[in-house]
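Here is how the chains run, residue by residue.
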Amino acid sequence: MRFGSHTHRACRERKLTRCVLSCLPTQVERDAQNLLTDLLKSVSRSFYLTLRALPASVRSQIGLAYLLARATDTIADTELISVEQRLSALAKLRTRILGHESAPVNFADIALAQPELPGGGTNSERVLLQRIEEAITCLHAFAPADQQRIREVLDVITGGQELDLKRFGDGTAENVRALQTDSELDDYTYRVAGCVGEFWTKMCRAHVFPAASLDDSFLLKNGVRFGKGLQLVNILRDMPKDLRQGRCYLPVERLARVGLQPNQLLDSNCESRLRPVYNELLDVAEEHLRAGWEYTNALPQSAIRVRLACAWPVLIGVRTLGKLRAGNVLDPAQRIKISRPDVRRIVTATVLRYPFAEGWQTLFDRMRA
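What counts, and at which threshold
- Residue indices begin from 1 for each chain and proceed along its sequence in written order.
- This being a predicted model, a pLDDT of at least 70 is required before a residue's local features are given, and a value of 80 or more before pairs of side-chain atoms are given or counted; all residues contribute to the totals for chains, interfaces and linings.
- Side-chain metrics rest on all non-hydrogen atoms present in the structure, leaving aside hydrogens and water.
- Salt bridges are counted wherever a side-chain nitrogen of Lys or Arg sits within 4 Å of a carboxyl oxygen of Asp or Glu.
- Numbering of helices and strands runs from the N terminus; a helix is a DSSP stretch of H or I covering at least four residues, while a strand is a stretch of E covering at least two.
- Exposed residues in this analysis have more than 50% of their type's maximum accessible area, buried residues have under 20%, and partly exposed residues fall in between, with area computed by a 1.4 Å probe over protein chains only.
- A score from 0 to 100, pLDDT tells how confident the predictor is in each residue.
- Residue contacts are counted whenever heavy atoms from the two residues lie within 4.5 Å of one another.
- Expected helix span is computed as 1.5 Å times (number of residues minus one).

S.K.: Can you break down the pattern of salt bridges residue by residue, with the values?
M.R.: Scanning the entire structure with this criterion turns up 22 salt bridges. When the shortest N-O distance is used, the salt bridge between Arg70 and Glu125 registers 2.6 Å. Of the two residues, Arg70 sits in helix H4 (residues 56-77) while Glu125 sits in helix H7 (residues 124-130), which places them 55 residues apart along the sequence. Classification of Arg70 as partly exposed rests on a relative accessible area of 21%. Two residues, Arg96 and Glu133, come together in a salt bridge whose shortest N-O distance is 2.9 Å. Residue Arg96 is found in helix H5 (residues 83-97), and its partner Glu133 is found in helix H8 (residues 132-140); the two are separated by 37 residues along the sequence. With a relative accessible area of 8%, Arg96 lands in the buried category. Connected through salt bridges with shared partners, the residues Asp182, Arg254, Arg257 and Glu280 form a single ionic network.

S.K.: Lay out the confidence of the model for the protein chain with the relevant residues and their values.
M.R.: Looking at the protein chain as a whole, the pLDDT averages 89, with 90% of positions reaching at least 70. Across residues 1-17 the pLDDT falls below 50, and counting only partners more than four positions away or on other chains, this stretch makes 21 contacts in the model. Counted against residues more than four places away or in other chains, residues 20-26, with its pLDDT under 50, gives eight contacts.

S.K.: An account of H4 is requested, with residue identities and associated values reported.
M.R.: Taking 1.5 Å of rise per residue, the 22 residues of H4 would be expected to cover 32 Å, and the 31 Å separating its terminal C-alpha atoms lies within 8% of that figure. H4 sits mainly inside the fold: 16 of its 22 residues count as buried.

See below:
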């Protein structure tokens, strides 16, 4: 499967932006194109690759939703300002995105709090916050139904970020805060990622395969599980870093079964004691990703770009789980992730096997093994 030359892709991108933003002044159109290409690429190279695989009919909507979510996430993670300031800023941006407030927002103080990059490079999160009103202007250029979908998912995401700040805002390495129950963990993974599966499904259903005969309830249910699985992989992989920021997403009720408290997870020697409950959560994540694979294969065969864009994170996620089953997941010196060559091999395997149903179907278990 060929995706066209760089020149052809760039041409399509310009045509898409002109189509979506044709009602806006020329300068705004150029600014929007920069937001949805250059800036988006700089804040997330991995997601940008997935985004470029999507059909043009949904690429800008999903890209803008990602940028807005990245802005809210940047605000929530800016530890140089107080929790109260972050909660206030999140509420203002949430209200602005939802269209309940027309007055422009200004996050110059939070933008300046973003760290300088080594060598004096530009911090992309800082630029994003400085240009947040341009992103909101882009939102107004979409059809009302698309605006509503974007607003709905951002409402859920920002609500999850606010709850996260309230739970963990005063946490430190000396005072680790933790989720209490599996229900809290499941709710968190829905708020920050499962809802994205719903949004993705609704957007693609409306624009990519509106007339296809599909089981929408199956897609929505498994789209949620798809997102939850990806977020759970992130939680399990990033645990050493989160613990040193005072956050433990492993529920206290699970840790208690093996006689551990959240602060003890800062000691990598406790890894063997943690393993039974950690492996249980790896299994939960794997089953969510398997649901994501079933979701991918339930999409129309003709929706090649969407299926590839879904397959890559599923397969990268299940491959990551395999590495987490083997390494010391409490050791902060071990950054457990798959390599870029591994990612390229996964992308190549999906493209080469796509025309062959039997070979394609085996990819999940091959990566799992």
